[in-house]
Amino acid sequence: TSVHILLILYSAEFMSDAEWAFISGGLFYIIFGIWFAAVFLLNFFRKRKYRNEEWFPVVDPDGKVTGAAPRSICHNGKSKLLHPVVHLHLLNSKGEIFLQKRSPAKDIQPDKWDTSTGGHVATGETVEDALKREVLEEIGLRNFNARFLGKYVWESEIEKELVFSFVCISDDIPHINSPEITDGRFWSETEIEKNLGKGVFTPNFEHEYRFLKEKTRILAEK
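Residues numbered from 1 in each chain as written. Predicted model: local features only at pLDDT ≥ 70, side-chain atom pairs only at ≥ 80, totals over all residues. Heavy atoms only, no water.

### Some details on unusual backbone geometry
Quick note on the threshold: In this description a helix means any DSSP run of H or I spanning at least four residues, a strand means any run of E spanning at least two, and both kinds are numbered starting from the N terminus. The classification of residues rests on relative accessible area computed with a 1.4 Å probe and restricted to protein chains. Under 20% of the type maximum is buried, over 50% is exposed, and intermediate values are partly exposed.
Even without being glycine, Q109 reaches a positive phi, approximately 45 degrees. On the secondary structure map, Q109 appears in the loop between β4 (97-102) and β5 (113-114). For D111, which is not glycine, the phi dihedral falls at a positive 65 degrees. Of note, D111 is situated in the loop between β4 and β5. Classification of D111 by relative accessible area gives partly exposed; the value is 41%.

Structure, rendered in structure tokens:
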């Protein structure tokens, strides 16, 4: 620190040339070497500890990647490291919205109805590739044309996400492929409206449903 540097400079007035040469030369490199080794070992053991975990990119509110962190750190309820996720709202030609029911084993909002597809962006993965992967893994759709709605920050009790939201219209029948989903079906707008605020849906979906309605109205007018 600056205090330590000042003390060394002050003490230099009372040192012999040989002592000062050691302090300003050899000792400096010894301290630097110890610091470098400590940082290296800390990072090594940190990566070793989390080597079997899924890692997420850490981003700023604009989506620029600033680092990476393991799932347990991102979801520990304390770090609130902002990490990207993708959501797809699947609508059919009747205007109904496909929703998935989350498994009771989920650590966030278990057993509630949620967005058609949602998942984390992996490290080194683009948002578009993450969307294709999650849609295929969760509801089995390969060919779909998604339109970007926008992005927003969503914070829950255990994590903080940068959500990239998309919508598509397709009459292809979704097939639930994920053990994290226990059910899935299309809901009419009337049915959704009747159940808002009753604990049927995740808070994130209820927020995004209003976002979806507003955005699709604006897009339809263009």
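### Here's the deal with the nonpolar core
In summary, soluble globular proteins display a tendency toward joint burial of nonpolar side chains. Using the following cut-off: What we call a nonpolar core is a set of buried Ala, Val, Leu, Ile, Met, Phe, Trp, Tyr and Cys residues that are connected through their side-chain atoms within 4.5 Å. The contact criterion used throughout is that any non-hydrogen atoms of two residues lie within 4.5 Å.
Membership of the largest hydrophobic core comes to 18 residues, with the highest contact counts inside it found for V86, L88, L131, V135 and F144. Those elements that provide at least two residues to this core are β3 (82-91), α4 (127-139) and β8 (160-169). A per-element tally of this core places α4 first, with five residues. Every residue in contact with L131, bar those within four places of it in the chain, is listed here: V86, H87, L88, F144, A146 and F166. Among the nonpolar cores identified, the runner-up in size contains 13 residues, and V167, I192, L196 and Y209 belong to it.

### Describing the side chain of E138
Structurally, E138 is set in helix α4. Sequence-distant contacts of E138, that is, excluding residues within four places in its chain, are made with Q100, S116, T117, G118, H175, I176, N177, S178 and I181.

### Some thoughts on the pattern of salt bridges
The condition that has to hold: We define a salt bridge as a side-chain nitrogen of Lys or Arg found within 4 Å of a carboxyl oxygen belonging to Asp or Glu.
By the definition in use, this model includes 10 salt bridges. Here E134 makes a salt bridge to R133, at a shortest N to O gap of 3.0 Å. Between E193 and K213 there is a salt bridge, and its shortest N-O distance comes to 2.9 Å. Taken as a pair, E193 in helix α5 (residues 189-195) and K213 in helix α6 (residues 203-221) lie far apart in primary sequence, 20 residues in all.

### Thoughts on α4
Convention followed: Residue count minus one, scaled by 1.5 Å, sets the expected span of a helix. What the arc measures is the spread of directions leading from the helix axis to the C-beta atoms.
The terminal C-alpha atoms of α4 lie 18 Å apart, and with 13 residues this matches the ideal 18 Å at 1.5 Å per residue to within 8%. Taken residue by residue, α4 has V127, A130, L131, E134, V135, E138 and I139 as its buried positions. Mapping the buried residues of α4 onto a view down its axis gives an arc of 125 degrees, with all of them on the same face. Where α4 terminates, the next one or two residues include G140, which has phi positive at roughly 75 degrees.

### What about the packing of aromatic side chains?
Operational definition: Centre distance within 6.5 Å is the pairing criterion for rings of Phe, Tyr and Trp, where only the six-membered ring of Trp is used; planes under 30 degrees apart are then read as stacked, over 60 as edge-to-face, and the remainder as tilted. In this scheme, the term charge over a ring applies when either NZ of a lysine or CZ of an arginine sits within 6 Å of the ring centre and within 35 degrees of the ring normal.
One pass over the structure, following the stated rule, counts eight aromatic pairs. Relative to W187, the ring of W113 has its centre 5.2 Å away and its plane inclined at 70 degrees; by these criteria the two rings are edge-to-face. With W113 in strand β5 and W187 in strand β9 (residues 181-187), this residue pair connects regions lying 74 residues apart in the sequence. Side by side, W113 and W187 carry an identical accessibility label, which is buried. Measuring from ring centre to ring centre gives 5.8 Å for F205 and Y209, while their planes differ by 35 degrees; the resulting arrangement is tilted. One end of the pair is F205 and the other is Y209, both in helix α6 and four residues apart, which spans about a single turn. Each of the two residues, F205 as well as Y209, counts as buried. Through a chain of ring-to-ring contacts, three or more aromatic side chains come together here, namely W113, W187, F201, F205 and Y209. Between R185 and the ring centre of W113, over which it is positioned, the NZ or CZ distance is 5.6 Å. Above the ring of W187, the side-chain terminus of R185 is found at 3.9 Å from the ring centroid.

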